[in-house]
Amino acid sequence: RQGKPVGVDLGLGAFLVLSDGTRVDAPQPLRRALRLLRRRSKHLSRKRKGSRNAARAALRLARLHRQVRNIRRDFLHKVTTGLAKTKEGAQGFDGQSLTVIVVEDLGVRGMMRNGHLSRSVADAGWGLFRRLLAYTCCWEGARLIVAPRDFPSTRRCSACGWVGPRLPLSCRVFRCAACGLMLDRELNAARNLEHYGLAVLSGPTGSSSGSHACGDSSGGGTGDGYARSTSHESLKQEVAGHL
C-alpha cells in the first residue's frame, strides 16, 4: 500500500522544501571553498611545469576538489536515503506504508548555460540528486513520480488551483489573485507537486504495471489536469526567466 505523496521542490536558497514544510539547506561546499581554490590554482600557475613544486601544488589542489566533491556526495546520499526510506503509516508489505516522492523534471543542462546560475546549480548537485534518488527509491522500495517540465508548480495556487504569470526569482512569496493565499513560493510549489502525485495515484493508471517502486517518469494516470504534459522544453519556473 502506498502512503501520502511527499512533494519535493528543489531550490537554490534552501536545497529542498517538502510539502509538509520541512526545509533542508545545502552545505554549499564549492562556495565555501572557492576562495581557497582560487588561491591554490594561482599558486599552481606560478610553478614551473614539470617541477616537484608544481606536482605538490597540483596534488594540493586536487585534494581540495576531492574534498568539495565528497562533501556534496555525502550530503546528497543522506538526503536521498532519508527521503526514500519507508515511514510508519498505512500497512504495507512490511507493516509500513510505502513512501511516494514527487519531484519536478528539471532542465539542468539549460540552467548550466546561464552564467548567473551555473555555479550555484553545479554546487547544489541537482542532476546527481535525481540520479541518486531514482536508484535509492528502487533500493528502499519507494515510488518516485516525476512531474513534467511544463508543470506550473511555482505559478499554480496550491489552495484553489489558479495559475498566474511567471514569478521573478526575487519574488519569494506566492500571492493568489483568486483566493488571496500568501505562501512561501517553494512551499507552494512543493504542495502542488504533492497534489500532482495524488492525481497520478488516483488516475486510471496509478496502480498499473507501469507504475512501480523504482519510479514512474511518465507521470502515470491523469487527474484534474495535473498529470497532462504536452511539452518538455521549458525549464524550472524559478529560474527560467533568467535564461
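Residues take numbers from 1 onward in each chain, read along the sequence in its written order. Under the rules for a predicted model, residues below a pLDDT of 70 receive no local features and side-chain atom pairs below 80 are neither given nor counted, while totals for whole chains, interfaces and linings still include all residues. Just so you know, side-chain values use all the structure's heavy atoms and leave hydrogens and water out.

Caption draft 1: The side chain of Ser153, seen in detail. Each helix is a run of H or I in the DSSP string that is no shorter than four residues. Each strand is a run of E no shorter than two, and both are numbered from the N terminus. You can see Ser153 is positioned in the loop between strand 5 (143–147) and strand 6 (173–175). The class for Ser153 is buried, based on a relative accessible area of 0%. Whenever two N or O atoms come within 3.5 Å, that pair is a polar contact, provided that in protein one can donate a hydrogen and the other can accept it, and provided that, for residues adjacent in sequence, both atoms are side-chain atoms. A polar atom in the side chain of Ser153 sits 3.1 Å from the side chain of Glu104. Burial classes follow relative accessibility: with a 1.4 Å probe on protein chains only, a residue under 20% of its type's maximum area counts as buried, one over 50% as exposed, and anything between as partly exposed.

Caption draft 2: Region of the structure containing the pattern of salt bridges. When a carboxyl oxygen of Asp or Glu is within 4 Å of a side-chain nitrogen of Lys or Arg, the pair counts as a salt bridge. Applying the stated criterion across every chain yields a total of eight salt bridges. A salt bridge links Glu186 to Arg23; the shortest N-O distance between them is 3.1 Å. One end of the pair, Glu186, is in helix 6 (residues 185–202); the other, Arg23, is in strand 3 (residues 23–24), with 163 residues separating them in the sequence. When its relative accessible area of 44% is taken as the criterion, Arg23 is described as partly exposed. As a salt-bridge pair, Asp105 and Arg149 come within 3.4 Å of each other at their nearest N and O atoms. Here the residue Asp105 occupies a position in the loop between strand 4 (98–104) and helix 3 (108–112), and Arg149 occupies one in the loop between strand 5 and strand 6, the gap between them amounting to 44 residues. For Arg149, a relative accessible area of 23% gives the class partly exposed. Each of Arg23, Arg172, Asp184 and Glu186 takes part in a single network of salt bridges with overlapping partners.

Caption draft 3: View of helix 1 (residues 29–45). One less than the number of residues in a helix, times 1.5 Å, gives the span that helix is expected to have. End to end, helix 1 covers 23 Å across 17 residues, agreeing with the expected 24 Å (1.5 Å per residue, within 8%). Here the bend at a residue is taken as the angle between two axes, fitted respectively to the seven residues that end there and the seven that start there. Within helix 1, the axis deviates most sharply at Arg35, by approximately 45°. The set of residues buried in helix 1 consists of Pro29, Leu30, Ala33, Leu34 and Leu37. Tucked inside the fold, the buried residues of helix 1 contact helix 2 (52–84) and helix 4 (118–124). Residue contacts are defined here by distance: any two heavy atoms, one from each residue, within 4.5 Å place the two residues in contact.

Caption draft 4: Local environment of the environment of Leu133. Structurally, Leu133 is set in helix 5 (residues 126–140). Put simply, Leu133 and Ala84 are 49 residues apart on the chain and 7.3 Å apart in space, counted from C-alpha to C-alpha. Contact partners of Leu133, with chain neighbours within four places excluded, come to Thr80, Leu83, Ile101, Val103 and Leu144.

Caption draft 5: View of a positive patch on the surface. Patch membership requires more than 30% relative accessible area and the absence of a salt bridge. Residues of like charge join within 9 Å; the nonpolar side chains Val, Leu, Ile, Met, Phe, Trp and Tyr join within 5 Å. Throughout, the Shrake-Rupley method with a 1.4 Å probe supplies accessible areas, and for residues the shown protein chains are the sole cover considered. For this count, His and the chain ends are skipped, Lys and Arg are scored as positive, and Asp and Glu as negative. For this purpose, a charge sits on NZ of Lys, CZ of Arg, CG of Asp or CD of Glu. Residues Arg63, Arg66, Arg69, Arg73 and Arg131 make up a contiguous surface patch of positive charge. By the secondary structure assignment, Arg66 is in helix 2.

Caption draft 6: Main features of the side chain of Glu186. On the basis of relative accessible area, Glu186 is assigned to the buried category, the value being 1%. Side chain to side chain, Glu186 and Arg23 meet in a polar contact 3.1 Å long.

Caption draft 7: Highlighting the packing of helix 1 against helix 2. A fitted line through C-alpha atoms represents every axis, and for helices the fit uses only the stretch in contact; the resulting angles, taken between N-to-C directions, go from 0 to 180 degrees. Relative to each other, helix 1 and helix 2 sit at 170°, their axes nearing to 9 Å. As judged from the angle between their axes, helix 1 and helix 2 are roughly antiparallel. Where helix 1 approaches helix 2, its residues Pro29, Leu30, Ala33, Leu36, Leu37, Arg40, Ser41, His43 and Leu44 are matched on the opposing element by Ala54, Ala57, Ala58, Arg60, Leu61, Leu64, His65, Val68, Ile71 and Arg72. Here the contact of helix 1 with helix 2 is built from residues that sort into 13 nonpolar, three polar and three charged. Here the word oblique covers every angle except those under 35 degrees (roughly parallel), over 145 (roughly antiparallel) and from 65 to 115 (roughly perpendicular). Classification used: nonpolar for Ala, Val, Leu, Ile, Met, Phe, Trp, Tyr, Cys and Pro, charged for Asp, Glu, Lys and Arg, polar for all others including Gly.

Caption draft 8: Summary view of the packing of aromatic side chains. Stacked, tilted and edge-to-face pairs are distinguished by plane angle, under 30 degrees for stacked and over 60 for edge-to-face with tilted covering the rest, among Phe, Tyr and Trp rings (Trp via its six-membered ring) whose centres lie within 6.5 Å. Under the counting rule described, the total for this entry stands at four aromatic pairs. Pairwise contacts between aromatic rings join Phe15, Phe75 and Phe129 into one cluster.

Caption draft 9: The nonpolar core, seen in detail. With 27 residues, the main nonpolar core has Val8, Phe15, Leu16, Leu83 and Phe129 as its most contacted residues. Every element with two or more residues in this core is listed here: strand 1 (2–10), strand 2 (16–18), helix 2, strand 4, helix 4, helix 5 and strand 5. Considering every element that reaches this core, the biggest residue donor is helix 5, with six residues. Other than its neighbours up to four places away in sequence, Leu16 contacts Val8, Asp9, Leu10, Thr22, Arg23, Val24, Val79, Leu83 and Phe129. Val100, Ile145, Leu193 and Val200 belong to the second largest nonpolar core, which has eight residues in total. In this description, a nonpolar core means a group of buried Ala, Val, Leu, Ile, Met, Phe, Trp, Tyr and Cys residues linked to one another through side-chain atoms lying within 4.5 Å.

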